[in-house]
Amino acid sequence: MMGQGLLPMLTLGTSLVAAVFIFALREHQHRLRTTVNLAAALLKLTLVVIMGWGVAQGEVYELRWVFRSGLDIVLRADQLSIVFAGLSSMLWLCTTIFAIGYLEGSPGRSRFFGFFSFCVASTMGVALAGNLFTFLIFYEILTLATYPLVVHRGTRAALNAGRTYVTYALAGGAALMVGVVWLHTLAGTEDFQPGGYLLENARTQPVALTGIFVLLVAGLGVKAALMPFHSWLPAAMVAPAPVSALLHAVAVVKAGAFGLIRVIHDLYGPEAVQYLGVGGPLAVLAGITILYGSLRALQQQDLKRRLAFSTVSQVSYITLGAALLGPAAFIGAIVHLIHQGIMKITLFFCAGNYAETRGIHRIDELDGMGRFMPLTSAAFSVAALGMIGVPPLAGFISKWWLGLGGLGAGQGAWVVPVLVASTLLNAAYFLPIINRLWFLEPGGATVGGRSPWQQEAHAWLLWPALFTGVLVILAGILASMPFSPLVWAQFMVREVYGL
Amino acid sequence: MTELLFPPLLPLIWMALCRWRPVCSPWALLAVASALALLAWMAIGCTDAGVSGRLSLLPVLGVGLRLDGVAALMLGLTWLLITGGGLHAWGFLEAELAFRQRRRFWCCLALLWGGLNLVWLASDLLLLFMGLELVAVAVVLLIQLRPGAATRAAARGYLIVVLSGAPVLVLAGFVLFVGSGSLTLRELEPADSSLLQMAALLVTAGLVGRAALFPLHTWLPPAHGAAEPPISALLSALVTKASFYSLFRFWHESGLNAPFWLVMLLGVLGALAIAWGGWKAWCEPRLKMLVAWSSVNQLGYLFLVFPIVAAASVAMAPMARAGVFVFVLNHALAKAALFMAAGNLIRAMGAGGVRDLGGTGQRIPVSLLSFGLAGVAIMGLPPSGGFAAKWLLLETSLDSGQWWWTAVIAGGGLVSAAYIFRVYRQTYLTEGEALVLTPPPRALEVMPMLLALMAAGMGLFLSPILQLMGLPGPGEGTP
């Protein structure tokens, strides 16, 4: 048993140890810091892959620590945790490389990378949390770990964004905590299990469980940027690009969306949610957020702001899929959790490259950039097309399953139109960018005499973007290969829905 | 039992009186004191964990001592903070103190330690009050360690609270003795007569002022703001707890039933303290005063335990009691760390404003990190002891349907976060980089970091703490 518990602990411990070590480094020990960062990221990815392989063979990796009698801190790798842990450890590696290139020579790197590792450690905790209580602990630590990253630049704007972020996140955390305690007093805190364990309680205490559901969704919805709680996310885009990648793709919003999936499928269970009738309103809220986020994205002229509102919209796809309560929708949610991560991180890497290499922040400055930064622009275009849902890219797969889910749940009447409308809006705010990149004449700011390849972003910045860009294509084309997100999700859905 | 009270004091007194420097190296003597305390501890541990001994000095009144899990925790906490905090204070202040002041410092520390141990162990009102008075004397002298207008005024304010409370306590003790024939807490009969009830109320009234419950908190921020930071650390960590502890013991160990309106009043005042202390801390421009106001805010939580326990089920009441003592431990460690770290920061900056922290982020990292970790514990975020304590209190309040206290506890966490993040925010500011800083010596950064780590990680070790307090440990089923 101890041997089985070791892996989750090591997965968490790698970045924790890395964080402490990096804090202790001096500012100028650049090489050592880079080595530690990359070694930790690789080691973690290896560990997650080993665990993923084991989980697919039916192994159980579990570590328990008694908080008090009847309440344990549980780290456990199950299929859903592997989805999130795999996503974030893979993308963390890319983000680390990108961040090393991005922050080259700027002050405060020890602090930055220390908290960066700490942030990933808490994300791993969120992924591997085996019960709601453990989830709550790491969810709150995640807030603390990201704050220093959001305010890293130390400007007034960054500090104000940080204040908005913690205000939302801590208020959400408080709601979540009350919900978790309340649930504990009613039903105890048991381990997450596919299909949930609260059906009986839902029958006997429907009012209380509905109240708890609302509290949990409010707490998780903050990080998942669900509609009334979303405004911190666009505000936080003042942070450096690697942090935006972390917020939007690897850690924070994903922790919220992942928590919603956990609550609906592994805590309450689809039947209980159905019984309480809370899935429908949540799905509607998600639908509204999808459209609202897209509409707001359309209005933005700042590239990162547009991407941020796009995240508001795209993450709600996951929420929608979770709330629709059908096998197909569930598959859509899981797949989109991963696919959105890959696509959005590519977009933020590219936005960071434009900003870092050529100082471009606004969309109208992107004219003709395809000629100067062809690789970055290609990666951007692929990810943007993926976001729109162009087949055979990653986004198409998830939208397809979500659409099927909407039909399957008998809510096709409004879900499919929402998806269609959102796709049109996605196209409306991404296609003009692609058009500017490739088909418009460059503006005044050209650098003559050098070939495009010399004007591309620095290799540390370019390669992560290219790698994730290729992943966007592969995730779509190879969707039915073993160990692809789609196959993995289909594998899971059998347990949740007993198919 | 009595050996727990006195051996630790002897070396300190000796150190205070001795003029020969090499021997009175504080390290050596505190080590001796700790060893003696440990020996006494083991001697008691060999007999029984729940022993209670009696002093034969005053047989008529039947004064006695009692050692249980909670008292043991408080003894341990006091040992940690007096030795660790004392050494830190010594390192911080040594260079600035004249010989007489040094001697006074060690004398007062000995007095404080003895008085506190007496409070933790006393099982009757007489010893309890004696302990409290000893503590009060030590506090007045410690606040004025370096005389000045501010410290004098602060000490005067504290003295007024103590002196106005003392006669009330004596009167109450007299009435209780006459009414029930004993001063031992366990033997105070359930009061039928209104006289006993009145006396019980008087005890409460006499103690809440010292415990700085809103609206009698006004002496606390000036006192803790004016004293030297390492001394404020001891005062806020231990001294305010002594009064709360006495009040808690009085109502929960005696057979007296607190009237409903009284527990509700204590709870409401606690809630007001959370709000008011948090608001004042949020508005406060000076760092040390911010930390002091945070004490008012945090002490408010302690008083929520009275109404929550009163309405809790038999199974859950011990949880809330344990929760409040986890809170006491958490606040003691975290607040001591905050004051020590704030002292380091203020000395490094040469200025005491929260605004002056702008641009310090990269340059005093260890003290700032200690401050940050202690802040996490104050906000009650996981995995700190504050989180564990809040969990237990929330659980009890929700279990008994007291959702209004749930709202107070959850909202109070946000209030604390507001003023703690105000400090964090400043440290990230890149303006003011040109500031001249003199980083504190490494030795002075050890203690705050240690205490902050203990507070911030305490939640992971809740189970052994609960076991020490006599609650079911791992594997013994849900309560």
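Just so we're clear, the structure is a prediction, and the values are computed from it rather than from any experiment.

**Student:** What exactly am I supposed to notice about the overall build of chain A here?
**Tutor:** Within chain A one finds 22 helices and 2 strands. Over its C-alpha atoms chain A spans a radius of gyration of 21 Å, differing by no more than 12% from the 23 Å that the globule rule assigns to 499 residues. When its C-alpha atoms are laid out on the principal axes, chain A stretches across 75 × 55 × 45 Å. Counting across all 499 residues of chain A, residues that qualify as buried make up 65%. For chain A, the share of sequence-separated contacts (at least 6 apart) that also reach a separation of at least 24 residues comes to 81%. Accessible area of chain A: about 16,000 Å², with a carbon and sulfur share of 68%. The centroid of the 28 positive side-chain charges in chain A is displaced by 9 Å from the centroid of its 20 negative side-chain charges.

**Student:** I'm lost on the overall build of chain B in this one. Help?
**Tutor:** The number of helices and strands found in chain B is 18 helices and 0 strands. Taking all 479 residues of chain B together, 63% fall into the buried category. Put simply, of all contacts in chain B between residues at least 6 apart along the chain, 81% involve residues at least 24 apart. A total accessible area of about 17,000 Å² is found for chain B, and carbon and sulfur atoms account for 70% of it.

**Student:** Explain the nonpolar core to me, please; I cannot follow it from the model alone.
**Tutor:** A general feature of soluble globular proteins is that nonpolar side chains tend to end up buried together. Counting residues in each nonpolar core, the largest one holds 364 residues, and the members touching the most others are L267, Y268 and Y354 of chain A together with F250, F303, F306 and W391 of chain B. The leading source of residues in this core is helix α13 (residues 317-349) of chain B, at 24 residues. When residues of this core are assigned to domains, at least three fall in each of domain 1 (1-257) and domain 2 (259-479) of chain B.

**Student:** How do you make sense of the domain arrangement of chain B when you look at a structure like this?
**Tutor:** Interface size, as often reported, equals the accessible area lost upon joining of the parts. All names here are of chain B. Segmentation of chain B into domains returns domain 1 (1-257) and domain 2 (259-479). On the domain 2 side, the residues contacting the 44 residues of domain 1 number 44 residues. Summing the contributions of domain 1 and of domain 2, the shared interface buries around 4,000 Å²; its carbon and sulfur component is 83%. Looking at the side of domain 1 facing domain 2, the largest losses of area belong to H88, F214 and F244, adding up to 17% of the total buried there. Counting across the interface, domain 1 meets domain 2 through 1 salt bridge. A salt bridge links R347 to E96; the shortest N-O distance between them is 2.8 Å. Applying the counting rule to domain 1 against domain 2 returns 7 residue pairs in polar contact (both at pLDDT 80 or more). Ranked by residues supplied to the side of domain 1 that touches domain 2, first place goes to helix α9 (residues 229-253) with 13 residues.

**Student:** Explanation requested: helix α18 (residues 394-408) of chain A in the structure shown.
**Tutor:** An α-helical segment advances 3.6 residues per turn. Residues three or four places apart therefore align on the same side. Residue and element names in this part refer to chain A. For α18, which comprises 15 residues, the first-to-last C-alpha distance of 22 Å matches the rise-based estimate of 21 Å (1.5 Å per residue) to within 8%. For α18, every residue scored as buried is listed here: A394, G395, I397, S398, K399, W401, L402, G403, G405 and G406. Immediately beyond the C-terminal end of α18, within one or two residues, lies G410, with a positive phi of roughly 75°.

**Student:** Even after reading the chapter, I still don't get helix α7 (residues 194-208) of chain B, so can you show me in this structure?
**Tutor:** Residue and element names in this part refer to chain B. The first and last C-alpha atoms of α7 sit 21 Å apart over 15 residues, in line with the 21 Å expected at 1.5 Å per residue. Among all positions in α7, only L196, A199, A200, V203, T204, G206, L207 and V208 are buried. At its buried positions, α7 is contacted by α5 (125-143), α6 (149-180), α9, α10 (260-283) and α11 (287-303).

**Student:** Please clarify how the state of the cysteines should be interpreted in this entry.
**Tutor:** By definition, a disulfide is the covalent link that joins the sulfur atoms of two cysteine residues. All names here are of chain B. According to the stated counting rule, one finds 0 disulfides over all chains in the structure shown. As a non-bridged cysteine, C107 has C108 as the owner of its nearest cysteine sulfur, 6.7 Å distant. We classify C107 as partly exposed; its relative accessible area is 33%.

**Student:** Teacher, can you tell me more about unusual backbone geometry here?
**Tutor:** In this structure, P392 of chain A follows P391 of chain A across a cis peptide bond, with omega equal to 5°. Along the polypeptide, P392 of chain A turns up in the loop between α17 (374-388) and α18. Cis peptide bonds are those with omega within 30 degrees of zero, and the linkage from P382 of chain B to P383 of chain B qualifies with 0°. Looking at the secondary structure, you find P383 of chain B in the loop between α14 (365-379) and α15 (385-399). A positive phi angle, close to 60°, is found at A212 of chain B, a residue other than glycine. Note on placement: A212 of chain B falls in the loop between α7 and α8 (220-226). Judged by relative accessible area, A212 of chain B falls into the buried class, the value being 1%.

**Student:** How should I be thinking about the pattern of salt bridges in this particular structure?
**Tutor:** Side-chain pairing between opposite charges can occur once the charged atoms of the two side chains come close. If you walk through the whole model with that rule in mind, you get 19 salt bridges over all chains. For R146 of chain B, the salt bridge goes to E96 of chain B, with nearest N and O atoms at 2.5 Å. In this pair, R146 of chain B sits in the loop between α5 and α6 while E96 of chain B sits in the loop between α3 (69-93) and α4 (99-121), placing the two residues 50 residues apart along the sequence. Given the relative accessible area of 31%, R146 of chain B is considered partly exposed. With a shortest N-O distance of 3.1 Å, E228 of chain B and R146 of chain B are connected by a salt bridge. Here the residue E228 of chain B occupies a position in the loop between α8 and α9, and R146 of chain B occupies one in the loop between α5 and α6, the gap between them amounting to 82 residues. It is possible to trace a salt-bridge network through shared partners that takes in E62, R64, D72, R76 and D191 of chain A.

**Student:** What exactly am I supposed to notice about the environment of A56 of chain A here?
**Tutor:** Topologically, A56 of chain A is positioned in helix α2 (residues 30-56). Each residue touching A56 of chain A, except ones within four places of it in the same chain, is listed here: F483, W488 and F491 of chain A.

**Student:** Please explain the interface of chain B and chain A as it appears in this structure.
**Tutor:** Tallying the contact residues gives 40 residues for chain B and 39 residues for chain A. Together, W391, R425 and Y428 of chain B form the three largest contributors to the area buried by chain B at its contact with chain A, with a combined 25%. Joining chain B to chain A, the criterion identifies 1 salt bridge. Counting every contact that joins chain B to chain A gives 5 residue pairs in polar contact (both at pLDDT 80 or more). Contributions of two or more residues to the side of chain B that touches chain A are made by α14, α15, α16 (403-428) and α18 (462-468) of chain B.

**Student:** Can you help me understand the packing of aromatic side chains in this one?
**Tutor:** Aromatic ring pairs are reported here in terms of the distance separating the ring centres and the angle at which the planes meet. Residues and elements named next belong to chain A. Here the structure, examined in full by the defined rule, presents 39 aromatic pairs over all chains. Taken together, a centroid distance of 5.3 Å and an interplanar angle of 85° make the contact between F112 and F113 edge-to-face. Taking the ring centre of Y275 as reference, the NZ or CZ of R203 above it sits at 5.5 Å. Across from the ring centre of Y139, 3.8 Å away, lies the NZ or CZ of K223, which sits over that ring.

**Student:** What exactly am I supposed to notice about the packing of α10 of chain B against α11 of chain B here?
**Tutor:** Relative placement of two packed helices is described by the angle separating their axes and the distance separating the axes. Residues and elements named next belong to chain B. Between α10 and α11, the shortest axis-to-axis distance is 7 Å and the interhelical angle comes to 160°. For the element pair α10 / α11, the angle class is roughly antiparallel. With respect to the hand of their crossing, α10 and α11 are arranged in left-handed fashion. Where α10 approaches α11, its residues L266, G267, G270, A273, I274, W276, G277, G278, K280 and A281 are matched on the opposing element by L290, W293, S294, V296, N297, G300, Y301 and F303. Among the residues forming the contact of α10 with α11, the class breakdown is 10 nonpolar, 7 polar and 1 charged.

**Student:** How should I be thinking about the pairing of strand β2 (residues 71-77) of chain A in this particular structure?
**Tutor:** Note on strand geometry: in a regular strand, side chains alternate between the two faces of the sheet. All names here are of chain A. Where burial is concerned, most of β2 is hidden: 7 out of the 7 residues are buried. The alternating pattern of β2 places L71, I73, L75 and A77 on one face and D72, V74 and R76 on the opposite face, and all of these are buried. The pairing of strand β1 (residues 61-68) with β2 spans 7 bridges and is classified as antiparallel. If you follow R68 over to β2, its bridge partner there is L71. If you look at the hairpin formed by β1 and β2, you'll find 2 residues sitting between the two strands, and G70 has a positive phi there, around 85°.

Procedures and definitions
- Residues numbered from 1 in each chain as written.
- Chains lettered and ligands numbered in written order.
- Predicted model: local features only at pLDDT ≥ 70, side-chain atom pairs only at ≥ 80, totals over all residues.
- Heavy atoms only, no water.
- Helix = DSSP H or I, 4+ residues; strand = E, 2+ residues; numbered from the N terminus.
- Rg over C-alpha atoms; globule rule 2.2 N^0.38 Å.
- Buried < 20%, exposed > 50% of the residue type's maximum accessible area, 1.4 Å probe, protein only.
- Contact = heavy atoms within 4.5 Å.
- Areas by Shrake-Rupley, 256 points an atom, 1.4 Å probe, with all protein chains shown as cover.
- Lys, Arg positive; Asp, Glu negative; His and termini not counted.
- Charge placed at Lys NZ, Arg CZ, Asp CG, Glu CD.
- Core = buried A, V, L, I, M, F, W, Y, C linked by side-chain atoms within 4.5 Å.
- Domains from an automatic or database assignment.
- Buried area = accessible area lost by both parts, 1.4 Å probe.
- Salt bridge = Lys/Arg side-chain N within 4 Å of Asp/Glu carboxyl O.
- Polar contact = N/O pair within 3.5 Å; in protein donor to acceptor, adjacent residues only side chain to side chain.
- Expected span 1.5 Å × (residues − 1).
- Disulfide = S-S within 2.5 Å.
- Phe/Tyr/Trp six-rings, centres within 6.5 Å; stacked < 30°, edge-to-face > 60°.
- Lys NZ or Arg CZ within 6 Å of the ring centre and 35° of its normal.
- Axes fitted to C-alpha atoms, helices over the stretch in contact; angles between N-to-C directions.
- Parallel < 35°, antiparallel > 145°, perpendicular 65-115°, else oblique.
- Left-handed = near helix turned anticlockwise from the far one by under 90°.
- Nonpolar A, V, L, I, M, F, W, Y, C, P; charged D, E, K, R; others polar.
- Pairing = 2+ DSSP bridges.

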